[in-house]
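In case you want the letters, here they are:
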Amino acid sequence: MIGLNDILRIYFIGIGGIGMSALARYFNHRGVFVSGYDRTRTPLTIALESEGISIHYDDDIALADSSAQLVVYTPAIPVGHTELQWFRDKGYPVVKRSDVLGIITEGSFNICVAGTHGKTSISTMVAHLLRHTGYGCNAFLGGVSANYGTNFWASERNLCVIEADEYDRSFLKLSPDISVVTSMDPDHLDIYLTAGAMEQAFIDFASKTKSSGVLIRKQALKRLNEAMVRRQLTYQLSLTDTAGHDHEDSPDVYTENIVVRDNGYRFDAIVSGDRMDGIELNVGGLHNIENMMVAITIGRLLNIEKTAIADAVKAYKGVKRRFEYILKEEGGPVLIDDYAHHPGELEALLHSVRGLFPGRRITVLFQPHLFSRTRDFAEGFASSLSLADEVLLLPIYPARELPIPGVTSSIIADKMDRVMQLEKDEVAEWISINHTDVFVTAGAGDIDAMVPLIRDAIKAKQP
């Protein structure tokens, strides 16, 4: 394959994917001619086009860059994609996104954040902290930072913050100096087949941590003790679990004295016995306190001053579609948008909403993502969604999959009370004739495109 420094033209198939777009921005930043294909125009592809990247939306080789020196694709692209097959048949160098990311980071100090939940939030928190404090980093993120409006930025410091994706075992191509594992809940069973095989992949990822590095892991992930890594730090929200019981082993990193304030939090942070009191975090979700503790820990490992870290945490605005407030008026309606697409993520989301808005009626609109995930976790989805007062279910977003006979949103709805199945074009009308207090949209498909319409429908009801 041509050396990355020699590339003058590069072509992306699936350029609108969140990970693909970060790579596209990386090459565009370096002055490479970047172009690509995606299925639909989205706010992200529109942003890429505004940055000078050429994108088309028809699977048509006549529109593709036949002069490209390297073609990059995402595994989410169907095998029979016309352009992908043409480039392969013609002998072009065709590689996965993970291959390119692995090569980019071969010679850098890498902070790699993995986990079935939380990796986007934590990697964005870490990158923000390093940028805000002036330490500097190159960021390859799986979400759009609300502070900076992008999922990629560059720095002269030879340090990369990377969201390490477990799908298709992509994260095994990375070489972490600091590795993070947030969770290993079963997911992507179309790839891994069993929960045990997926856990083993995370163990293998952690084992890739360099000998001089450190693994930061959630306290409960005991199987990571099997990882071949010299140094581990464990983290947990507090010294007690959700039932109020002390943890069997004390975590190295935890919080004390959490206070809810202005839809955010104030807390004390303890990192290996070192205290930072009065930390202020202005985003919702108790899970985000725990996530931020990882970023604080990394800041301290890099010897960043405590006051600079505290200032960065206070200035953090979150990630687009991660507990993002779309509407939030004092005493008025609330609209929250979130990427949650796994039962564990939905449970954390709805628990946090309940904690921040006690006594208020919570409605969740959920779009299941993937037929296989819906089939594998229907029971879990039903249980998590039942934490809301009212549930609206959309049809499954198929993404890369073909339909599976008998698998629809109904297999979730059949296990629930207080649920209504709607088509996308019925949601605004439902809002117009029903009471909405705290409304949550959740899912990893195209539900985000509905959010402006939902916002307007809710606002239209206000006096």
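Above this text sits the structure in question.
Every value quoted in this text rests on a predicted model; they were computed, and no experiment measured them.

A.B. asks: Quick rundown of the sheet that holds strand 2 (residues 33-37)? Include the residues and the values.
C.D. replies: Sheet architecture is open: five strands sit in the order 3-2-1-4-5, paired in parallel fashion. Looking along the sheet, the strands with just one partner apiece sit at the ends: strand 3 (54-56) and strand 5 (94-96). Here the average twist between neighbouring strands, direction ignored, is 25°. Looking at chain direction, strand 2 and strand 3 are connected through three bridges and run parallel. If you follow Tyr 37 over to strand 3, its bridge partner there is His 56. The strands touched by helix 1 (residues 18-29) within the sheet are strand 1 (9-13), strand 2 and strand 4 (70-73), with strand 1 carrying the most contacts at an inclination of about 170°.

A.B. asks: Outline the nonpolar core, supporting the account with residue identities and numerical values.
C.D. replies: Formed by 70 residues in total, the largest nonpolar core has its most connected members in Leu 130 and Ile 296. In terms of residue count, the dominant contributor to this core is helix 8 (residues 286-301) (seven residues). Dropping the residues within four chain positions of it, Leu 130 is found in contact with Ile 111, Tyr 135, Gly 136, Cys 137, Leu 159, Val 161, Leu 302 and Ile 304. Counting 45 residues, the second-largest nonpolar core is a separate cluster that includes Leu 4, Ile 15, Met 20 and Val 34.

A.B. asks: Which residues make up unusual backbone geometry, and what values do they have?
C.D. replies: In the Ramachandran plot, Phe 323 falls in the positive-phi region, its phi being about 50° despite a non-glycine side chain. Mapped onto the elements, Phe 323 comes out in the loop between helix 9 (306-315) and strand 16 (324-328). The backbone of Arg 418 sits at a positive phi, close to 55°, despite the residue not being glycine. Among the structural elements, Arg 418 can be located in the loop between helix 13 (410-413) and strand 20 (419-421).

A.B. asks: Residue-level account of the packing of aromatic side chains, with values.
C.D. replies: With the rule as written, the count across this model stands at 15 aromatic pairs. When the ring of Tyr 148 is compared with that of Trp 153, the centres are 4.8 Å apart and the planes differ by 65°; the resulting orientation is edge-to-face. Measuring from ring centre to ring centre gives 5.3 Å for Phe 366 and Phe 381, while their planes differ by 40°; the resulting arrangement is tilted. Taken together, the positions of Phe 366 in strand 18 (residues 362-366) and Phe 381 in helix 12 (residues 378-385) put the pair 15 residues apart, joining distant regions of the chain. With relative accessibility at 1%, the residue Phe 381 sits in the buried group. A network of ring pairs unites the aromatic residues Phe 12, Tyr 26, Phe 27, Phe 140 and Phe 152 as a single cluster.

Conventions adopted
Residues numbered from 1 in each chain as written. Predicted model: local features only at pLDDT ≥ 70, side-chain atom pairs only at ≥ 80, totals over all residues. Heavy atoms only, no water. Pairing = 2+ DSSP bridges. Helix = DSSP H or I, 4+ residues; strand = E, 2+ residues; numbered from the N terminus. Axes fitted to C-alpha atoms, helices over the stretch in contact; angles between N-to-C directions. Contact = heavy atoms within 4.5 Å. Core = buried A, V, L, I, M, F, W, Y, C linked by side-chain atoms within 4.5 Å. Buried < 20%, exposed > 50% of the residue type's maximum accessible area, 1.4 Å probe, protein only. Phe/Tyr/Trp six-rings, centres within 6.5 Å; stacked < 30°, edge-to-face > 60°.

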